[in-house]
Number of protein chains: 2
Amino acid sequence: MSVLVVGSLAFDSIETPTETRDRVLGGSAVYFSYAASYFSKVRLVSVVGEDWPAEYTRLLQSRDIDTQGLSITPGGKTFSWKGKYLSNMNDRETLEVHLNVFGDFNPVLPDEYRRSHFVFLANGAPAVQARVLDQVVGPRLVMADTMDLWIREFRDELLALMRRVDGLVMNDSEAKLLTDDENLVRAGHKICKMGPKFVVIKKGEHGAMFFSEHETYVLPAFPTDKVVDPTGAGDSFAGGLMGYLASKGDISAQSLKEAMAYGILVASYNVEDFSLEQMKRISRSDIDFRMERYRRMLAF
Amino acid sequence: MSVLVVGSLAFDSIETPTETRDRVLGGSAVYFSYAASYFSKVRLVSVVGEDWPAEYTRLLQSRDIDTQGLSITPGGKTFSWKGKYLSNMNDRETLEVHLNVFGDFNPVLPDEYRRSHFVFLANGAPAVQARVLDQVVGPRLVMADTMDLWIREFRDELLALMRRVDGLVMNDSEAKLLTDDENLVRAGHKICKMGPKFVVIKKGEHGAMFFSEHETYVLPAFPTDKVVDPTGAGDSFAGGLMGYLASKGDISAQSLKEAMAYGILVASYNVEDFSLEQMKRISRSDIDFRMERYRRMLAF
């Protein structure tokens, strides 16, 4: 089965303590769909400007990512972001954001996308995320990401969306902000009570937590000594997670836990270089090799 | 086999965002020895003042903790510490430290302690830790804890000590400080190269990492929604770890990993109340019950 993702395609300019990159391929839907493509077909919905290089679209297509949902706005410019990582490689400052055509993004699903079983609403305005759901017919699993801006300023729309999704993905600081609780275990359970069947809290270098009515668990990140650029870690995690679920075609508790682990491992590769560079070098067998090491690490 | 611990007994005054406690039972050797006592006999070496209540000594003795190494300084006052936890329950400020008799601590091992197989040097001046090692005959496993003060101001003594111990335990910020490296995986391996056979990096609510020449792994903390007071988490972790190893009588890689898990679980209980309150309520079977849940959590 394929995974539908609706999110951004972007040019990212990145400063880390040791290196910089200017206008490299980025965006939530790029990281998500590339990560998911190790496991399943992907259907992409996004918008770019005329400045978008056709080679980037061809790169995605070469991974069995369907781009008929990608619209190009004549005369428009693509979303661009500039950020700087602090020395811990975890905290970052946003230096510039130019939403450009993404600011007016009104996603319209091609007809054949409407019956998608696995749907990921990458970070975006909750009202826009909801409009995507209005167009989907009978999905089996809908997951959404969000961010502090929507929690602070569009809380009601976000709460309404949360009642319509199966799973919510967010990072630790956002979970604390949403629930006003500093304990992530309590925060996770509070979020479950707000609507979604399960919640995944991403903790960056510390892994990810899963919460549902009956389950609470945490899986550590894969320990890598090479963290070059954390951009896209959360989206590649979600892509690995949903791509794996779509490939299995089931959403049992067991499959969800395996999917969490696959998400963690894909993200561990993603941070090893800028943009998609490391992900472009690896194949599914590399991920499965790391999975063997990861399983051994957690067995005792 | 029994575990020898050399460290502090103290009165702790603690402020958390919701509660305060004044002069409760604390100190590294208290937390360590109580945690180790679920698994093995303990031999304690420490010093207190005349203000030390005999009931605290009896409490330790009731757990098969040998206190003949505890000396009481006539006319002296016991070490006391006052601290305040910030809202994340992870960062803390020290408000007051009165070393009192602990400032002149010159540990002398009773004769029958000298042939201890498992030795834990709780946080203290590296020169004092070294003097303990001078008195021990043929130990099988020596582990030491340290802190930022010794890393900054007694670096040479600490480096000398590191060449004499099997394992070093420290928290994440201390590992970064010692190695000047923000990546904990690289930091862990750098520390191994400084002398110890293995290094354990404690990450508080995010668990603990293990590094040796051939192994790198991370185990998450047990997710608890009840973090009342993190004081002593690191020492109860180390106590559970070494107590378990002493009970097994072996230091294989497999036993070390099980010991890491036991340490994590004992610490997860410890933080659920002030001082030893929660640890006093539980027994080995509670820890084993939680261990079953922990193993299931990490299996997929």
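This text goes with the structure placed above it.
Residues numbered from 1 in each chain as written. Chains lettered and ligands numbered in written order. Predicted model: local features only at pLDDT ≥ 70, side-chain atom pairs only at ≥ 80, totals over all residues. Heavy atoms only, no water.

**Q** What exactly am I supposed to notice about the relation of the copies chain A and chain B here?
**A** Both copies of the chain are related by one operation, a rotation about an axis with a shift along it. Expressed as a screw operation, the relation of chain A to chain B combines 0.0 Å of axial shift with a rotation of 180 degrees, fitting to an RMSD of 0.0 Å. What we have between these two chains is a two-fold relation. (Least-squares fit on C-alpha atoms with pLDDT ≥ 70 in both.)

**Q** Looking at this model, I keep getting lost on the sheet that holds strand E8 (residues 118–121) of chain A. Mind explaining?
**A** Note on sheets: strands pair through backbone hydrogen bonds, and any given pair is parallel or antiparallel. All names here are of chain A. Taking strand neighbours across the sheet as the criterion, the nine strands line up as E5-E4-E1-E8-E9-E10-E11-E12-E13 in an open arrangement whose pairing is mixed. Of all the strands in the sheet, just strand E5 (65–73) and strand E13 (216–219) have a single pairing partner and so form its edges. Ignoring strand direction, the axes of neighbouring strands in this sheet form an average angle of 15 degrees. Relative to strand E4 (residues 42–49), strand E1 (residues 3–6) runs parallel, the two sharing four bridges. Looking at the pairing, Val6 lines up with Val45 of E4. Along the sheet, helix H2 (residues 54–61) contacts E4 and E5; its crossing angle with E5, the most-contacted strand, is approximately 160 degrees. Against the sheet, helix H6 (residues 172–179) makes contact with strand E10 (167–171) and strand E11 (198–202), and its axis sits at roughly 110 degrees relative to E10, the strand it touches most. (Pairing = 2+ DSSP bridges. Helix = DSSP H or I, 4+ residues; strand = E, 2+ residues; numbered from the N terminus. Axes fitted to C-alpha atoms, helices over the stretch in contact; angles between N-to-C directions. Contact = heavy atoms within 4.5 Å.)

**Q** It is not clear to me how the interface of chain A and chain B should be interpreted in this structure. Could you clarify?
**A** In many analyses, interface size is given as the accessible surface area lost on bringing the parts together. In this complex, chain A contributes 34 residues to the contact, which on the side of chain B involves 34 residues. Regarding the contact of chain A and chain B, the summed buried area is about 2700 Å², with carbon and sulfur atoms giving 61% of it. Between the two partners, chain A and chain B, sit zero salt bridges. At the junction of chain A and chain B, the tally comes to 14 residue pairs in polar contact (both at pLDDT 80 or more). Among the elements of the structure, helix H7 (184–193), E13, helix H9 (253–270) and helix H11 (284–297) of chain A are those that each provide at least two residues to the side of chain A that touches chain B. (Buried area = accessible area lost by both parts, 1.4 Å probe. Salt bridge = Lys/Arg side-chain N within 4 Å of Asp/Glu carboxyl O. Polar contact = N/O pair within 3.5 Å; in protein donor to acceptor, adjacent residues only side chain to side chain.)

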